[in-house]
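A closer look at the structure
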Amino acid sequence: MVTVTYPAADVRDTARLPWLPAGAERALKARFGGAVDGYALPLTHSADRAPVRPGRRPVLLHSPGYQSDRTYNTLVIEELASWGYVVAAVDHPYNSGEVEFPDGRVVVNRPDDAGDEARTAAVAVRAADLRFVLDQLTVLDRGGNPDAEGRPLPRGLRGALDLTRVGAFGHSRGGAASASVMHLDKRVRAGIDLDGALYGPVVEHGLDRPFLLMDTAVHDGLDKDGSWQPFWTHLSDWHRCLRLADADHNSFTDIVAIGPQVPEAVRRTLQIGTIPADRAVAAVRATVRAFFDLQLRGRRDTRHLLWGAAPRYPEIEYIAG
């Protein structure tokens, strides 16, 4: 399942999409044993099947974290679309959290954290998913319809994808998938890993294209994560490591914004740190956009933020690179 988010030409008379469809929402709430049943999940700012604003735009692939859904970075994805990117957010059935199909069937996560071998295999499947989606976006841009059920595509999507400017980003295991797909597919020109351990051949081989790592003090990737240091030493193009201050693992996702609204007993399990939600969202949005603006659009005016030197975003700290 994939959601394609893009700049819309007109959103009148179109329904706003929910953060999760109804079946996936029920499955997510079931994970918490009734503790959040009385809480409504938000609507997004995205309009369902709105016509596409004219223009040829860079394309970003997004992979969510383990047990997370493709909607978990909606706040970042919608921001990117508002600045002229097309973002394809990909669910990975059985490795994402709750994947709802058009017929209402919901596939939930199958735990695979038995060890590095299982995690490596899962990341390899995710990377294959991303390559498949990129192939299908090529079909779509040429006027084909890759939808499995042949549903009509939004008007204007054909020809809107600049597939010479493709990036990939993800949170946690999705960040590992972004690195892996870059190792496998030269079409992906730049990538970001938001606080994810790395797996597979890319750890020892590195990359010859720009890559950004971003972590937290809790993770401390270059010092404490055994996969980051060998990967780092084998990066031969632009590379940098930044940190989100006062954050924890899920501060990079929409959970940081939803978390303060749920019961404290649930909130303590969400790994959102002490950073205020609005500051976390603003900092992550700005960092992801600045990186892709630099690497895919050649906008060098955004570089100061990537040095951890932007007065507007003191939460972004420079670590290395």
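Now for a look at the structure at hand. (Residues numbered from 1 in each chain as written. Predicted model: local features only at pLDDT ≥ 70, side-chain atom pairs only at ≥ 80, totals over all residues. Heavy atoms only, no water.)

As for the overall build of the protein
Counting its secondary structure elements, the protein contains 11 helices and 12 strands. Over its C-alpha atoms the protein spans a radius of gyration of 19 Å, differing by no more than 12% from the 20 Å that the globule rule assigns to 321 residues. On the principal axes, the C-alpha backbone points of the protein span a range of 50 × 45 × 40 Å. Residue burial in the protein is summarised as follows: out of 321 residues, 55% are buried. Across the protein, contacts joining residues at least 24 apart in sequence account for 70% of those joining residues at least 6 apart. Within the structure as shown, the protein displays about 14100 Å² of accessible surface, and the carbon and sulfur contribution to it stands at 52%. Charged side chains in the protein number 38 positive and 41 negative. The centres of these two groups are separated by 6 Å. (Helix = DSSP H or I, 4+ residues; strand = E, 2+ residues; numbered from the N terminus. Rg over C-alpha atoms; globule rule 2.2 N^0.38 Å. Buried < 20%, exposed > 50% of the residue type's maximum accessible area, 1.4 Å probe, protein only. Contact = heavy atoms within 4.5 Å. Areas by Shrake-Rupley, 256 points an atom, 1.4 Å probe, with all protein chains shown as cover. Lys, Arg positive; Asp, Glu negative; His and termini not counted. Charge placed at Lys NZ, Arg CZ, Asp CG, Glu CD.)

Details of the nonpolar core
Counting 48 residues, the largest nonpolar core has F169 and F292 as the members making the most contacts within it. Ranked by residues supplied to this core, first place goes to helix α10 (residues 277–297) with 11 residues. Not counting chain neighbours up to four residues away, the residues in contact with F169 comprise L60, L61, H62, S63, V76, I77, L80, V87, S178, I192, V288 and F292. The next biggest cluster of nonpolar side chains, apart from the first, holds 41 residues, and it includes Y6, M182, L213 and W228. (Core = buried A, V, L, I, M, F, W, Y, C linked by side-chain atoms within 4.5 Å.)

Regarding helix α4 (residues 173–184)
Compared with an ideal rise of 1.5 Å per residue, which puts 12 residues at 16 Å, α4 spans 17 Å between its outermost C-alpha atoms and is within 8% of the ideal. Counting buried positions along α4 gives 10 out of 12 residues, so the element sits mostly inside the fold. Within α4, burial applies to R173, G174, G175, A176, A177, S178, A179, S180, V181 and M182. (Expected span 1.5 Å × (residues − 1).)

Observations concerning unusual backbone geometry
Of note in this structure, S172 is not a glycine but carries a positive phi near 60°. Here S172 lies in the loop between β8 (161–171) and α4. Accessibility expressed as a relative area gives 14% for S172, which makes it buried.

Looking at the packing of helix α3 (residues 116–141) against α4
Each pair of packed helices gets described by two things: the angle between the helix axes and the distance between those axes. With their axes 8 Å apart at the nearest point, α3 and α4 run at an angle of 65° to one another. The two elements α3 and α4 meet at a crossing, and its hand is right-handed. Residue-level contacts link R119, A122, V123, R126, A127, L130 and R131 of α3 to R173, G174, A176, A177, S180, V181 and L184 of α4. Of the residues assigned to the contact of α3 with α4, the class counts are 8 nonpolar, 2 polar and 4 charged. (Axes fitted to C-alpha atoms, helices over the stretch in contact; angles between N-to-C directions. Left-handed = near helix turned anticlockwise from the far one by under 90°. Nonpolar A, V, L, I, M, F, W, Y, C, P; charged D, E, K, R; others polar.)

Topic: the environment of A320
In this structure, A320 sits in strand β12 (residues 316–320). Overall, the relative accessible area of 16% leaves A320 in the buried class. Apart from the residues lying within four places of it in its own chain, the contact partners of A320 are L222, W232, R240 and C241.

Some remarks on the pattern of salt bridges
Using the criterion set out here, one finds 22 salt bridges in the structure. Between R243 and D220 there is a salt bridge, and its shortest N-O distance comes to 2.9 Å. With R243 in strand β11 (residues 239–244) and D220 in the loop between β10 (211–215) and α6 (221–224), this residue pair connects regions lying 23 residues apart in the sequence. Just as R243 is buried, D220 falls in that class too. (Salt bridge = Lys/Arg side-chain N within 4 Å of Asp/Glu carboxyl O.)

Overview of the environment of T302
Tracing the backbone shows T302 in the loop between α10 and α11 (303–306). Sequence-wise, T302 and F292 are 10 residues apart; in three dimensions their C-alpha atoms are separated by 9.7 Å. Once residues lying within four places of it in the same chain are set aside, the contact partners of T302 are A290, D293 and L294. At 3.2 Å, the side chain of T302 forms a polar contact with the backbone oxygen of A290. (Polar contact = N/O pair within 3.5 Å; in protein donor to acceptor, adjacent residues only side chain to side chain.)

Overview of the environment of F291
Counting through the fold element by element, F291 comes out in helix α10. Distance from F291 to R303, taken between C-alpha atoms, is 8.0 Å for residues 12 residues apart in sequence. Setting aside chain neighbours within four positions, we find F291 in contact with A190, G191, I192, P210, F211, L212, W238 and L306.

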